[in-house]
Amino acid sequence: MEKRKNISMAVIKRLPKYHRYLNEIMKNDIDRISSKELSEKIGFTASQIRQDLNCFGDFGQQGYGYNVKALYNEISNILGLNKSYKSVIIGAGNIGQAIANYTQFTRLGVSIDGIFDANPKLLGIKIKDVEIQDIDELEKFLSENYIDIGIICVPKINAQKVCNKLVKNGVKGIWNFAPVDLSVPEDVTVENVHLSESMLTLIYLLNEKSEQ
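Quantities reported herein were computed from a predicted structural model and do not represent experimental measurements. (Residues numbered from 1 in each chain as written. Predicted model: local features only at pLDDT ≥ 70, side-chain atom pairs only at ≥ 80, totals over all residues. Heavy atoms only, no water.)

Section: unusual backbone geometry
Glycine aside, the phi torsion of most residues is negative, and most peptide linkages are trans.
Part 1 of the argument: Positive phi, normally seen in glycine, also occurs at D29, with a value near 60°.
Part 2 of the argument: Along the polypeptide, D29 turns up in the loop between α1 (9-27) and β1 (32-33).
Part 3 of the argument: Positive phi values are uncommon outside glycine, yet D129 reaches one of about 70°.
Part 4 of the argument: Along the chain, D129 falls in the loop between β5 (126-127) and β6 (130-134). (Helix = DSSP H or I, 4+ residues; strand = E, 2+ residues; numbered from the N terminus.)

This is the structure:
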């Protein structure tokens, strides 16, 4: 199914949730589902679900609903999960190690092909058979291996410098855990994960509910 242009970021951000819930529904041997039933499971309105999915094509049938497996496969393709992706982690501290140990990446087609750090005490340690290398070896590694995604888990003072090395060596996707906004060319995509901002959002919502 050909993707449409100018899909809003809000719709894109909801797609992984559809993908996750449809996977759970398939595990329960449910073959078809209506937008109303899907709404009750996911928490979005039935109208919102129909509008979101209509951005990418006509997946449902009136009076039948959605074929769960077919819709799951379509969303997998829309998300790009019909391909595989090679990644490197820069920064093997707590966050970097947690990401390296995350088992779901393999299911999503993402492999961790290299881990780099500046701490000499970490060099040579293996995480799931991937050895932590000196960060000075990063550019050589990138020149010898095609990498799709760079995962930045370094202190914010070093993040832009690391990002520049990744971009210089052809990495087009940056998953940034450093609490800083990175400057990249237009053809490079950055997804920022600001843990403190997420916590502040939670604290705000917590206080808002308690005041109500």
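Still more to cover.
Observations concerning the pairing of β6
Part 1 of the argument: Note that strand β4 (residues 110-117) and β6 share 3 bridges and pair parallel. Note that in β6 the partner of D117 across the bridge is D134.
Part 2 of the argument: Judged from the 2 bridges that link them, β5 and β6 form a sheet pairing that is antiparallel. Each bridged residue has a counterpart across the sheet, and for I127 the counterpart in β6 is V130.
Part 3 of the argument: Where β5 folds back on β6, the antiparallel hairpin that results is connected by 2 residues, among which K128 adopts a positive phi of roughly 50°. (Pairing = 2+ DSSP bridges.)

Regarding the sheet that holds strand β3 (residues 85-90)
Part 1 of the argument: Strand order in this open sheet of 7 strands is β5-β6-β4-β3-β7-β8-β9, and the pairing throughout is mixed. Only two strands of the sheet have a single partner each, and these edge strands are β5 and β9 (189-192).
Part 2 of the argument: Helix α8 (residues 156-168) contacts β3, β7 (149-152) and β8 (173-176) of the sheet and is inclined by roughly 170° relative to β7. (Contact = heavy atoms within 4.5 Å. Axes fitted to C-alpha atoms, helices over the stretch in contact; angles between N-to-C directions.)

A short note on the nonpolar core
Part 1 of the argument: Core analysis: the biggest nonpolar cluster contains 21 residues, and Y18, L22, L38, L53, F56, F59 and L71 have the highest contact counts within it.
Part 2 of the argument: Mapped onto this core, the elements with two or more residues apiece are α1, α2 (35-42), α3 (46-54) and α4 (68-79).
Part 3 of the argument: Sort the elements by how many residues they give to this core and α1 lands first, with 6 residues.
Part 4 of the argument: For L71, the contacting residues outside a window of four places in its chain are L22, L53, F59 and Y66.
Part 5 of the argument: By size, the runner-up hydrophobic cluster in this structure holds 19 residues, among which are I90, I147, L166 and L182. (Core = buried A, V, L, I, M, F, W, Y, C linked by side-chain atoms within 4.5 Å. Buried < 20%, exposed > 50% of the residue type's maximum accessible area, 1.4 Å probe, protein only.)

Overview of α3
Part 1 of the argument: Buried within α3 are the following residues: A46, I49, D52 and L53. End-on view of α3: buried residues confined to an arc of 125°, all on one side of the axis.
Part 2 of the argument: Of the surrounding secondary structure, the elements contacted by the buried residues of α3 are α1, α2, β2 (66-67) and α4. (Arc of directions from axis to C-beta.)

Quick notes on the packing of aromatic side chains
Part 1 of the argument: Going through the model one piece at a time under the given rule, you end up with 5 aromatic pairs.
Part 2 of the argument: Each ring, one from Y18 and one from F44, has its centre 5.6 Å from the other, and the planes form 85°; the classification is edge-to-face. With Y18 in helix α1 and F44 in the loop between α2 and α3, this pair connects stretches of sequence that are 26 residues apart.
Part 3 of the argument: Judged by relative accessible area, which is 18%, F44 ranks as buried.
Part 4 of the argument: Put simply, the rings of Y102, F105, W175 and F177 touch in pairs and so form one group of aromatic residues. (Phe/Tyr/Trp six-rings, centres within 6.5 Å; stacked < 30°, edge-to-face > 60°.)

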